[in-house]
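Okay, here's what each chain looks like letter by letter:
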Amino acid sequence: MRLIDVIAMLDIETRFDAKKKVPRTTKVLKEFYGPALTEKEYAILSHCWGVEKEGEQEVLFEDMKQLLTVSDKERKEIRRRTGYMKIIDTCRQAQKDGLEWVWIDTCCINKESSSELSEAINSMYKWYGNAELCYVYLHDTIGDSWTNRGESKAIPKWFSRGWTLQELIAPRVVRFFGQKWQWIGEKAGLADALSEITGIPDKVLKEGLQKALSSADDLERPSVAQIMSWAADRATTREEDRAYSLLGLLGVHMPMLYGEGKNAFRRLQLEIIRTSNDQSIFAWGWERESGWSNSILADDPSCFWDCDEVVAMDPEWFTSELSIHGMPDDELSKCTQEQLRTFTVTNDGIQIWLPTANFGLYTEVTLACLHPHSEYLITICLVICGSTCCRIFGYIARPEDRKKEFKEHFLPYKETKYPSAFTFELQDQTLSHDGFVLDHVIPDAIEVKDGSVTLSTDNDFAAVAYVRREDDTRFLVLLSYCGGRRSASPLLNFEQDLGYLRSRTFEGLFNSNHKPRYDDPHLMQHIHFRQSIEGVRVVYRVPFDSSLRCTVTIDIAKCAGCCTPGERLTYYLVETPRMPGLMWNCLLHKLPQTRDMPLSLMESELRPGDYGRVPQGGDKFRPEGNIIEFAAGVGLDPIEDGIRSIHSPELGTPESKASIHLNALGDLIRHRLDLYDGTSWSIPANQEVVSLLHALSSRLSGRLLVTRVIRCSDRCRSPRLYSTTRRGEFDMNAWQTLDTPTPLCSVMMPLIWRQIDLDQGLMTMLLKIIDNFFVLVGWVDRLDEPKQLTESVTVETAIEFFVDMFGGGDIRYFIGEIVFFRELPRIMGMENYTELDAGMDKGRYPARDISGSREVTVIAHVQRISALVAFLEEIDDQTFGLQLSPEFDVQVGSKNAGWMTMWKSGSGWRSAPFAAQILEVTATAYDEWEPAWPYRTTRPIPLLIDASLRSQDSKFDRCEFLSEVEQIKKWCEMLIRSNDDHERRALVEDTVGKILLACWRGVASEIVGVLREVVDRYVNDEAVDQQPQDRARRLHKIQWVFKAALEEISDDGLNPLRRIFDDAVHRVSKHQLLLTERAELASQSNEARHTLK
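All of the points below concern the structure found in this document. As the structure is a prediction and not an experimental result, all values here were calculated from the model. (Residues numbered from 1 in each chain as written. Predicted model: local features only at pLDDT ≥ 70, side-chain atom pairs only at ≥ 80, totals over all residues. Heavy atoms only, no water.)

### Thoughts on the overall build of the protein
Helix and strand counts for the protein stand at 35 helices and 39 strands. For the protein, the proportion of its 1093 residues judged to be buried stands at 54%. Within the protein, contacts between residues at least 6 apart in sequence are counted, and of these 71% link residues at least 24 apart. (Helix = DSSP H or I, 4+ residues; strand = E, 2+ residues; numbered from the N terminus. Buried < 20%, exposed > 50% of the residue type's maximum accessible area, 1.4 Å probe, protein only. Contact = heavy atoms within 4.5 Å.)

Quick look at the structure:
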C-alpha cells in the first residue's frame, strides 16, 4: 500500500509557497506491506473524481512522482489543479487529527500497472476498513441541508457514485466535510439521514457490515440481493467498475479485465455463487411489471432495485416455510440438505434444486428468500421452449392448485445475443373505412410513433386499442417481443387487466413460429365481432432481410360465421406502404414467376386493374372485369387519377436489354426474358384506390387483381434454358416467340378481398348441437336432413350432452342434477316417448302434466331438495374450508388450501361457455341471506351476462319456448335448402344461438326455483342441527366462493359458443345481416352501372 507522508507533503507545499528549494531526495509517497502496514495509522479520502470538461483535474501517480523534478512551469500547473488542493487539504486535516499518513486513490495507485491496479481494487475495501479516519469531501455542498430528513434537498453527487458505497460502509469512522472543508458530521450521528438517502440499514452504518452479517436475527442479516440493491442507483465512469466496486462488500476476489463491459458483473455473480449459497442473488426484478431476460444473472446492480428488503433463508427455515405453504412432507423429503445448500456453475448452466410448479408454458421456481412484508416466498417464472429459456417478469396468471415438487434445474447464465429492441410497423390505414380509429396503447410507457410500436427487454408487451365510436365496438392488437420471438394477435377488448393481456400474448408468442424465413407463410389471426358479420384480421411476418422489425397488417373482414381463428397463409405481403395488404401467392398457379419481384409471365394481354381467378390446378389467369368500372361509385376519376406509365432502367432501353429470370413452379425449367424499352403501368397507390378495393371486398371476394403490367417492344424474346441439372445453360436454338406485348404482370390478392375460411371443427360442433336438439324435441323423422350424426344420437346421450355443456355435472353438489333436458320432451307435448320413459328413474323424475300450463317451472323431486339440504348440513371446514369463525375476513385474496376443494368446484370448469352464467345464478341464489360484516363481501361482480338473464323473478314461459322452437325449425329448413356457403354459416350460428338461449332460460329457471326452496328449507327447518346465524353465514360463504370464481373468468371474445349465445341474447340474426348487406351491394352496383351509362 502506498501512503502519502503528511509532514513531508505539507513541508514541500510550505517551501513552494516561500519559493524555497526542496531537496530532490524528499519522498512524499512511501510503500508499506505486511506488519509494517498494519502498524501504520492513516487517514483515507473518499471523494468524487474531478471532471476535466468542467475545469476539474486530478493529480495522478506520475504527477506526484515527478513533482520535485519537473520544471517550475509544469509544477505550477500541477499545483493549480483542484485535485492538488484536495491532497493538501486532506493532509492538513489529517495533521489536525494527529495522523502522519494519508491514502488518496488518485495519486497513490499507479494505474499504468495492471497488476497494481488489480491488487488495489481487490484490497480497497480492506484498506478503507483499516483506516483510522475516512474523510468524505463533498465538493458540491456548502452546508448540511442534505442531512435534514423530510426536507426538499439537493443530494450531493458523492451519493450517486459506485465506488463511494464501500467507502461509506467499510471505515469505522467517517467524517463528512463540505466544499470548503467545513465540518458536517460523522457517520454514526448522521446514520438516519444516510440510511434515507442510500437505503442502507442504519444498523449497518452504525455497527458495520460484518457485525450485521453475523447477526442472529435472520431478518437483520443483509442478503446478497440487499447489498446489490444499495448500488442500484449508483454509477461509475467505466462500466466494469459497477462490478469491481462491489468486490469487498460481497467478500469475493477476481481479476480486473477492463474492456469486458457488463460481463464483469456477470463474473462477479458467478464468483458469489461459488462461495455462497444465498439464493437471493436470483431474486432481482421480482417486483418488475414487465420485461424478460434470457439469463438468470442480472446485467448490472440496477436490476436489484426492488431487493432492498429481501431476506435470504437457510435450508431449515426454507423447508419450514414450504411446509407451511402446503408442500407435502413426502415431497420435501425428496431433496436432501446438501442439495438445498449447494448449487454449482456448470457449462450447461447453474445446477440447482428448487421447488418447481409447471403450468402451461411456464415453470415457476421458488427461491429460498422472502420479503418480510409479503406472506409468500419469492418466486421467478421461466419459459422453456426448445433450446430457449427466458425469465419472465411481471404478473403471470398462476392456477391456485398448481402442484410443487423439487426438481433439478440448469439455469442459463450465458446470455444469448438477441436485439434489445424490436419494431412493429402497423399498417392500419384501411380501418378508417370501417369507422375504426386508434384509441390508446397499453401500458402507458408505450406509444405509437409514425405508425410503429417498439418493444424492448424492459417493455416486452403492448396492446394497441382501436374503437368504432358509433357502436362502441372495440378490439386490441397484442404485440410482444421476448427472447428473439415476436407475435401479433387480435383480441376483443372487454377491459381485461394488464396481467391477463400479457399472459395471453405470451401464450401466442411461444406457441407460434417465431423465426420466419423468406419462404415461410404469413400468420393470419381473426376474431369475429359480436352482434355482427364482421371481424378483425391481423397478418404479420418478419421480412427476410431484417430481424429488427416486422409489418403488422390490420383490417376488418366480412364473415358470416363459423370462421377459423387463425391459419398460415401461402401468401406474402408486398411492401407497399401507401396501399397496404397486397398479397402475392407464388403457389396459387403454375405460371412462370420472377424470383425477386411479384411478376408472372402471361399469355394474354392484361390491363392494370383487371380482376379474375386462376382455376384450381390451372395455369392461366382468367380476367372477369376491371375495377375502374366501379370507380365512379366511390368518386375515383379514371382519367385524372388513373393508371400512369413509368420508364425504368431495369426494364431496358431501345439500345440495351434487361434480363429477368423466371422460375416455372412444378418443374426444373427456368426462363430468361429479355426486355427492350420496357414500360411499367401500375394502378395508383393512393387513398382513393384503397377505398375502391375496400368497397369491392364483398363483391370481389376471393378474386385476384392485376396491379402492374410491363409492356415492351417487339424485340422482347425469351430463350429457354436447359434443366437446372445441366448447369442451367441457355439453348440458343430454342427461342420462344411471345404473342403478347404485355408478358409480365403482377397478380395480387388484396387482403380485404380474401374471405375467412370455414372452421370445420367449429361447424361440426355446432351441427352436433343441432342434431342433439333434434333428438330431444323429436324432429329426427320430420325433417329431410341427412342423418349422418343423428342416427348415433339417442335421447339419453342427447340429455347427457346438454347437461355436460351447461356444467351440471361439475357443481351438482350445489345445484343438484339438472332435469330440464329430461323434461324437455314433455314440454314439447310429446305423448309417445317410450325410449325416454324407459331410461328414466320414475322415483326421482315423475311424469308431470304440463299441457295446460302457461308458465311452467321445472320442479325437481323432493329427494333432490333433501339431498342438497343434507349436503349443506354435512359440509365442514376440513372438506371445503368455509372457516365459519367470526374472525374470518372474507377476501378473495385470502384463499388457502383449506377451501381449495370448493374453489375447484366453482372455477375448475370456468372455461365452459356457460360458466359465468351458471356461477352467477348459483351464487345469487345462495345469497338470499345477508349476515353482517365481516361476512359480507363488497367486491363488485362483473356484468358478464345480460340483465334480463340475471333476474331471479323470471320464470320459464312454455309458450315463449315453443315459439322459439318454431323459429329454430324454420331456420333448420332454410339451412337444408341453402347451397350458399356464407348463408349456411350464418344460419348455423343463428340456429345454435337460439337453441342455447332457449335451453339456458329453462336451466336458469330450474336452478333458481330449486335453490330458493333449498335455501328456505335449510335456514328455516328446525330439524337442521345448526344455529340460524351459522346457517345464513354458511350460505353466504358458498355464494362468495362462487362469486370469487366468477371474478376469475375473463371474457376475451374467443369462445365461439359465448359469442353465438350473446348474439342470440341480443336478438341479432347474422343471416338477416347478411341478406341486408347483399341488398345494399346490389343497390350500389345498379347505381354504378347507371353512372357509367
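### Structural notes on the packing of aromatic side chains
Taken as a whole and assessed by the stated rule, the structure comprises 29 aromatic pairs. Each ring, one from tryptophan 158 and one from phenylalanine 176, has its centre 5.8 Å from the other, and the planes form 85 degrees; the classification is edge-to-face. Of this pair, tryptophan 158 sits in the loop between strand 5 (133-137) and helix 8 (164-169) while phenylalanine 176 sits in strand 6 (residues 174-177), and the two are 18 residues apart along the sequence. By the burial criterion, tryptophan 158 is buried, and phenylalanine 176 matches it. Counting every residue linked through ring pairs, the aromatic cluster contains Tyr135, Tyr137, Phe177, Trp181 and Trp183. The ring of phenylalanine 393 has arginine 288 sitting right over it, with the charged end atom 4.1 Å from the ring centre. Of note, arginine 391 hangs over the ring of tryptophan 284, and the distance from its end group to the ring centre comes to 4.6 Å. (Phe/Tyr/Trp six-rings, centres within 6.5 Å; stacked < 30°, edge-to-face > 60°. Lys NZ or Arg CZ within 6 Å of the ring centre and 35° of its normal.)

### A word on the packing of helix 32 (residues 981-1020) against helix 34 (residues 1056-1065)
Where helix 32 meets helix 34, the closest approach of the two axes is 8 Å, and the angle between their N-to-C directions is 80 degrees. Classed by the angle they form, the pair helix 32 and helix 34 counts as roughly perpendicular. Here helix 32 contributes Glu989, Val992, Gly993, Lys994, Leu996, Leu997 and Trp1000 to the contact with helix 34, which in turn contributes Leu1057, Arg1059, Ile1060, Phe1061, Ala1064 and Val1065. For the contact of helix 32 with helix 34, the per-class residue count stands at 9 nonpolar, 1 polar and 3 charged. (Axes fitted to C-alpha atoms, helices over the stretch in contact; angles between N-to-C directions. Parallel < 35°, antiparallel > 145°, perpendicular 65-115°, else oblique. Nonpolar A, V, L, I, M, F, W, Y, C, P; charged D, E, K, R; others polar.)

### Examining the environment of valine 793
Along the polypeptide, valine 793 turns up in the loop between helix 21 (760-777) and helix 22 (795-805). For the pair formed by valine 793 and asparagine 772, sequence separation is 21 residues and the distance between their alpha carbons is 6.6 Å. Once residues within four sequence positions are removed from consideration, valine 793 is found in contact with Asn772, Val775 and Ala798.

### Considerations on the sheet that holds strand 20 (residues 473-482)
If you walk across this open sheet you meet the 4 strands as 17-19-20-21, and the pairing is antiparallel. Unpaired on one side and paired on the other, strand 17 (437-442) and strand 21 (485-492) mark the two borders of the sheet. The sheet shows a mean angle of 20 degrees between the axes of neighbouring strands, direction not considered. Relative to strand 19 (residues 461-468), strand 17 runs antiparallel, the two sharing 5 bridges. Counted as the bridge partner of isoleucine 442 is alanine 463 from strand 19. (Pairing = 2+ DSSP bridges.)

### Considerations on the pattern of salt bridges
Taken as a whole and assessed by the stated rule, the structure comprises 49 salt bridges. Across the salt bridge formed by arginine 238 and glutamate 240, the nearest N and O atoms sit 3.9 Å from each other. Given the relative accessible area of 5%, glutamate 240 is considered buried. Three or more residues are tied together by salt bridges with common partners; here these are Arg468, Asp471, Glu534, Lys558 and Glu1077. (Salt bridge = Lys/Arg side-chain N within 4 Å of Asp/Glu carboxyl O.)

### Some details on unusual backbone geometry
Most peptide bonds are trans, and most residues other than glycine sit at a negative phi. Omega for the bond connecting isoleucine 442 with proline 443 falls within 30 degrees of zero, at -5 degrees, which places this linkage in the cis form. Of note, proline 443 is situated in the loop between strand 17 and strand 18 (452-456). For cysteine 562, which is not a glycine, the phi torsion comes out positive at approximately 55 degrees. Locating cysteine 562 in the fold gives a position in the loop between strand 24 (549-558) and strand 25 (566-569). The backbone of arginine 1067 sits at a positive phi, close to 55 degrees, despite the residue not being glycine. Counting through the fold element by element, arginine 1067 comes out in the loop between helix 34 and helix 35 (1070-1092).

### What about the side chain of threonine 346?
Among the structural elements, threonine 346 can be located in strand 10 (residues 344-346). Polar side-chain contacts of threonine 346 include one of 2.6 Å to the backbone oxygen of glycine 349. If near-sequence neighbours (up to four positions away) are discounted, threonine 346 is found in contact with Gln351, Phe410 and Tyr413. (Polar contact = N/O pair within 3.5 Å; in protein donor to acceptor, adjacent residues only side chain to side chain.)

### Comments concerning the environment of phenylalanine 424
With respect to the helices and strands, phenylalanine 424 occurs in strand 16 (residues 421-427). Through-space distance from the C-alpha of phenylalanine 424 to that of leucine 479 is 7.9 Å; in sequence the pair is 55 residues apart. Contact partners of phenylalanine 424, with chain neighbours within four places excluded, come to Gly451, Ser452, Val453, Leu455, Leu479, Ser480, Arg486, Ser487, Cys550 and Val552.

### Considerations on the side chain of arginine 537
Positionally, arginine 537 belongs in strand 23 (residues 534-541). Within the local environment of arginine 537, its side chain forms a polar contact with the backbone oxygen of leucine 751, the two atoms lying 2.7 Å apart. One polar contact links the side chain of arginine 537 to the main-chain carbonyl oxygen of arginine 754, over a distance of 2.6 Å. Once you skip the residues sitting within four places of it in the chain, arginine 537 turns out to touch Met524, Gln525, His526, Thr553, Ile554, Asp555, Ala557, Leu751, Ile752, Arg754 and Ile756.

### Side note on the packing of helix 24 (residues 820-827) against helix 31 (residues 958-977)
With their axes 12 Å apart at the nearest point, helix 24 and helix 31 run at an angle of 85 degrees to one another. In terms of their interaxial angle, helix 24 and helix 31 are classed as roughly perpendicular. Along the contact surface, helix 24 presents Phe820, Leu824 and Ile827, while helix 31 presents Arg958, Phe961 and Leu962. Taken together, the residues of the contact of helix 24 with helix 31 sort by class into 5 nonpolar, no polar and 1 charged.

### Details of the nonpolar core
Ile4, Met9, Trp103, Phe176, Leu268 and Phe282 are the most contacted members of the largest nonpolar core, which has 117 residues in total. A per-element tally of this core places helix 7 (residues 114-130) first, with 7 residues. Those residues in contact with tryptophan 103 that sit more than four places away from it in its chain are Met1, Arg2, Leu3, Ala43, Ile44, Leu45, Cys108, Ile109, Met124, Trp127 and Tyr128. (Core = buried A, V, L, I, M, F, W, Y, C linked by side-chain atoms within 4.5 Å.)

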